[in-house]
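Residues per chain are reported as follows:
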Amino acid sequence: MEAELTAGEKAQIKQNVDGLEAELKKMDDAAVKALAQRIDVPIEKYPERKDLEAAILLKAEADATEGVRRIRAMDEEEAAMVATSDDKRTEAARAVRRVHAEYSRDIPQEGRAGSFEPSEDDERFGGEHPVPDGKYRPAGSDHVYEFKKKRLVGVIRATAGNDYGGKNVKSVD
(Lines give C-alpha, C1' and ligand atoms only; values in the text may rest on other atoms or scores of the structure.)
Protein backbone atom coordinates (compact mmCIF):
# COMPACT_ATOMS: atom_id res chain seq x y z
CA MET A 1 0.00 0.00 0.00
CA GLU A 2 1.32 3.44 -0.94
CA ALA A 3 1.90 5.88 1.88
CA GLU A 4 -0.61 8.71 2.08
CA LEU A 5 0.71 12.12 1.08
CA THR A 6 0.97 14.72 3.82
CA ALA A 7 -1.24 17.79 3.82
CA GLY A 8 1.78 19.90 2.83
CA GLU A 9 2.65 17.61 -0.07
CA LYS A 10 -0.96 17.64 -1.29
CA ALA A 11 -1.11 21.43 -1.02
CA GLN A 12 2.13 21.83 -3.02
CA ILE A 13 0.89 19.50 -5.76
CA LYS A 14 -2.45 21.34 -5.92
CA GLN A 15 -0.68 24.68 -6.16
CA ASN A 16 1.49 23.39 -9.01
CA VAL A 17 -1.49 21.87 -10.88
CA ASP A 18 -3.48 25.09 -10.41
CA GLY A 19 -0.55 27.03 -11.88
CA LEU A 20 -0.41 24.66 -14.84
CA GLU A 21 -4.15 25.06 -15.36
CA ALA A 22 -3.75 28.84 -15.51
CA GLU A 23 -0.91 28.48 -18.03
CA LEU A 24 -2.96 26.10 -20.19
CA LYS A 25 -5.70 28.73 -20.49
CA LYS A 26 -3.15 31.15 -21.96
CA MET A 27 -1.85 28.66 -24.55
CA ASP A 28 -3.14 28.29 -28.09
CA ASP A 29 -4.44 24.91 -29.29
CA ALA A 30 -1.15 23.94 -30.97
CA ALA A 31 0.84 24.58 -27.79
CA VAL A 32 -1.60 22.54 -25.69
CA LYS A 33 -1.34 19.64 -28.14
CA ALA A 34 2.47 19.88 -28.17
CA LEU A 35 2.54 19.79 -24.37
CA ALA A 36 0.20 16.79 -24.34
CA GLN A 37 2.49 14.91 -26.72
CA ARG A 38 5.58 15.82 -24.68
CA ILE A 39 4.08 14.32 -21.52
CA ASP A 40 2.58 11.27 -23.28
CA VAL A 41 -1.09 12.24 -23.22
CA PRO A 42 -2.66 10.83 -26.42
CA ILE A 43 -4.18 13.82 -28.21
CA GLU A 44 -6.29 11.63 -30.53
CA LYS A 45 -8.16 10.32 -27.48
CA TYR A 46 -9.25 13.86 -26.51
CA PRO A 47 -10.61 15.78 -29.53
CA GLU A 48 -12.11 18.55 -27.36
CA ARG A 49 -9.63 21.04 -25.89
CA LYS A 50 -11.28 21.02 -22.45
CA ASP A 51 -10.94 17.23 -22.30
CA LEU A 52 -7.30 17.40 -23.39
CA GLU A 53 -6.58 20.03 -20.74
CA ALA A 54 -8.26 17.86 -18.10
CA ALA A 55 -6.16 14.86 -19.17
CA ILE A 56 -2.98 16.97 -19.00
CA LEU A 57 -3.87 18.14 -15.49
CA LEU A 58 -4.63 14.59 -14.32
CA LYS A 59 -1.32 13.36 -15.77
CA ALA A 60 0.57 16.22 -14.11
CA GLU A 61 -1.03 15.44 -10.74
CA ALA A 62 -0.28 11.72 -11.09
CA ASP A 63 3.33 12.40 -12.11
CA ALA A 64 3.82 14.83 -9.21
CA THR A 65 2.35 12.32 -6.75
CA GLU A 66 4.66 9.61 -8.05
CA GLY A 67 7.60 12.00 -7.79
CA VAL A 68 6.83 12.77 -4.16
CA ARG A 69 6.60 9.06 -3.39
CA ARG A 70 9.92 8.37 -5.13
CA ILE A 71 11.62 11.17 -3.21
CA ARG A 72 10.15 9.81 0.01
CA ALA A 73 11.48 6.33 -0.85
CA MET A 74 14.95 7.81 -1.44
CA ASP A 75 14.70 9.68 1.87
CA GLU A 76 13.74 6.46 3.65
CA GLU A 77 16.64 4.63 2.01
CA GLU A 78 19.02 7.38 3.12
CA ALA A 79 17.54 7.30 6.64
CA ALA A 80 18.15 3.55 6.79
CA MET A 81 21.80 4.10 5.88
CA VAL A 82 22.10 6.85 8.49
CA ALA A 83 20.44 4.63 11.10
CA THR A 84 23.28 2.15 10.81
CA SER A 85 25.70 4.85 12.01
CA ASP A 86 23.20 6.34 14.47
CA ASP A 87 24.22 3.91 17.20
CA LYS A 88 27.61 5.68 17.28
CA ARG A 89 25.97 9.03 18.11
CA THR A 90 25.03 10.40 21.50
CA GLU A 91 21.40 10.25 22.57
CA ALA A 92 21.16 14.05 22.19
CA ALA A 93 22.59 13.96 18.66
CA ARG A 94 20.13 11.24 17.67
CA ALA A 95 17.26 13.30 19.12
CA VAL A 96 18.32 16.45 17.23
CA ARG A 97 18.62 14.45 14.01
CA ARG A 98 15.14 12.90 14.55
CA VAL A 99 13.61 16.36 15.08
CA HIS A 100 15.46 17.65 12.00
CA ALA A 101 14.28 14.71 9.87
CA GLU A 102 10.66 15.25 10.93
CA TYR A 103 10.88 19.01 10.37
CA SER A 104 12.50 18.62 6.95
CA ARG A 105 10.01 15.96 5.85
CA ASP A 106 7.17 18.46 5.91
CA ILE A 107 8.16 21.97 6.98
CA PRO A 108 5.28 23.58 8.89
CA GLN A 109 3.60 26.45 7.05
CA GLU A 110 4.76 28.92 9.72
CA GLY A 111 8.36 27.75 9.22
CA ARG A 112 8.45 28.40 5.49
CA ALA A 113 9.20 32.08 6.11
CA GLY A 114 12.39 31.15 7.96
CA SER A 115 11.45 30.56 11.59
CA PHE A 116 9.12 28.34 13.60
CA GLU A 117 8.21 28.19 17.28
CA PRO A 118 6.24 25.05 18.18
CA SER A 119 3.73 25.09 21.00
CA GLU A 120 4.32 22.77 23.96
CA ASP A 121 1.52 20.49 22.81
CA ASP A 122 2.57 20.49 19.14
CA GLU A 123 1.68 17.07 17.72
CA ARG A 124 4.99 16.68 15.88
CA PHE A 125 7.47 18.68 17.95
CA GLY A 126 6.03 19.06 21.45
CA GLY A 127 7.10 17.01 24.41
CA GLU A 128 10.52 16.38 25.88
CA HIS A 129 13.67 15.56 23.95
CA PRO A 130 16.87 14.30 25.62
CA VAL A 131 18.80 17.38 24.46
CA PRO A 132 20.68 19.83 26.70
CA ASP A 133 19.86 23.54 26.41
CA GLY A 134 21.43 25.11 23.34
CA LYS A 135 21.31 25.64 19.60
CA TYR A 136 22.10 22.77 17.25
CA ARG A 137 22.67 22.60 13.51
CA PRO A 138 22.71 19.14 11.93
CA ALA A 139 25.53 18.67 9.41
CA GLY A 140 24.39 19.66 5.94
CA SER A 141 21.29 21.42 7.23
CA ASP A 142 20.12 24.99 6.69
CA HIS A 143 18.22 24.92 10.00
CA VAL A 144 19.21 25.61 13.59
CA TYR A 145 17.15 23.95 16.34
CA GLU A 146 17.00 25.57 19.77
CA PHE A 147 16.21 23.52 22.87
CA LYS A 148 15.47 24.76 26.40
CA LYS A 149 14.57 22.54 29.32
CA LYS A 150 14.45 19.52 26.98
CA ARG A 151 11.88 21.18 24.73
CA LEU A 152 12.21 22.39 21.17
CA VAL A 153 11.53 26.13 21.43
CA GLY A 154 12.44 27.29 17.94
CA VAL A 155 13.76 26.56 14.49
CA ILE A 156 15.39 29.16 12.25
CA ARG A 157 16.87 29.01 8.79
CA ALA A 158 20.60 29.71 9.10
CA THR A 159 21.56 32.65 6.90
CA ALA A 160 24.34 35.22 6.72
CA GLY A 161 21.78 37.77 7.96
CA ASN A 162 21.35 35.96 11.28
CA ASP A 163 25.02 34.94 11.54
CA TYR A 164 24.07 31.35 10.68
CA GLY A 165 22.04 30.92 13.84
CA GLY A 166 24.15 33.10 16.14
CA LYS A 167 26.91 32.27 18.55
CA ASN A 168 27.35 28.95 20.28
CA VAL A 169 25.59 26.86 17.65
CA LYS A 170 26.73 23.26 18.06
CA SER A 171 27.25 21.12 14.99
CA VAL A 172 25.56 17.71 15.04
CA ASP A 173 26.99 15.00 12.80
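Summary of the structure given here. None of the values given here were measured: they were computed from a predicted structure.

**Let's talk about unusual backbone geometry**
Logical step 1: The backbone of Asp40 shows a phi angle near 65°, a positive value even though the residue is not glycine.
Logical step 2: Following the sequence through the fold, Asp40 ends up in the loop between helix H2 (29-38) and helix H3 (49-86).
Logical step 3: For Asn168, which is not glycine, the phi torsion reads 65° and is therefore positive.
Logical step 4: When you line up the elements, Asn168 lands in the loop between strand S4 (151-157) and strand S5 (169-172).

**Looking at the pattern of salt bridges**
Any two side chains of opposite charge can pair, given that their charged atoms come close.
Logical step 1: Tallying each qualifying case throughout the model produces 15 salt bridges.
Logical step 2: A salt bridge links Lys10 to Glu4; its shortest N-O distance comes to 2.7 Å.
Logical step 3: The exposed category is assigned to Glu4, whose relative accessible area is 58%.
Logical step 4: The salt bridge involving Asp142 is made with Arg157; its shortest N-O contact spans 3.6 Å. With a gap of 15 residues between them, Asp142 in the loop between strand S2 (134-138) and strand S3 (143-148) and Arg157 in strand S4 connect regions that are remote in the sequence.
Logical step 5: Asp142 gets classed as partly exposed once you look at its relative accessible area, which sits at 41%.

**Regarding the packing of aromatic side chains**
Logical step 1: All told, the structure shown has five aromatic pairs when counted by the stated rule.
Logical step 2: Measuring from ring centre to ring centre gives 5.6 Å for Phe116 and Phe125, while their planes differ by 70°; the resulting arrangement is edge-to-face.
Logical step 3: Note on Phe116: relative accessible area 3%, which makes it buried.
Logical step 4: Residue Phe125 is classed as buried on the basis of its relative accessible area, which comes to 2%.

**Topic: the pairing of S3**
Logical step 1: As paired strands, S2 and S3 are joined by three bridges and run antiparallel to one another. Note on S3: the bridge partner recorded for Tyr136 is Tyr145.
Logical step 2: Hairpin connection between S2 and S3: a loop of four residues separates the two successive antiparallel strands, and Gly140 in this loop has a positive phi of roughly 80°.
Logical step 3: Bridging between S3 and S4 involves six bridges; their strand directions are antiparallel. Residue pairing for S4: Tyr145 is matched across the bridge by Val155.
Logical step 4: Here S3 hands over to S4 after two residues, with Lys149 in that stretch at a positive phi of 50°.

Criteria and thresholds
Along every chain, residues carry numbers that run from 1 in the direction the sequence is written. Under the rules for a predicted model, residues below a pLDDT of 70 receive no local features and side-chain atom pairs below 80 are neither given nor counted, while totals for whole chains, interfaces and linings still include all residues. Think of the side-chain values as coming from all heavy atoms in the structure, minus any hydrogens and water. In this description a helix means any DSSP run of H or I spanning at least four residues, a strand means any run of E spanning at least two, and both kinds are numbered starting from the N terminus. A side-chain nitrogen of Lys or Arg and a carboxyl oxygen of Asp or Glu constitute a salt bridge if their distance falls within 4 Å. Each residue is placed in one exposure class: buried if its accessible area under a 1.4 Å probe, protein chains only, is under 20% of its type's maximum, exposed if it is over 50%, and partly exposed if it falls in between. Note on aromatic contacts: the rings of Phe and Tyr and the six-membered ring of Trp form a pair at centre separations within 6.5 Å, being stacked when their planes are under 30 degrees apart, edge-to-face when over 60 apart, and tilted otherwise. Whether two strands pair comes down to DSSP finding at least two bridges between them.

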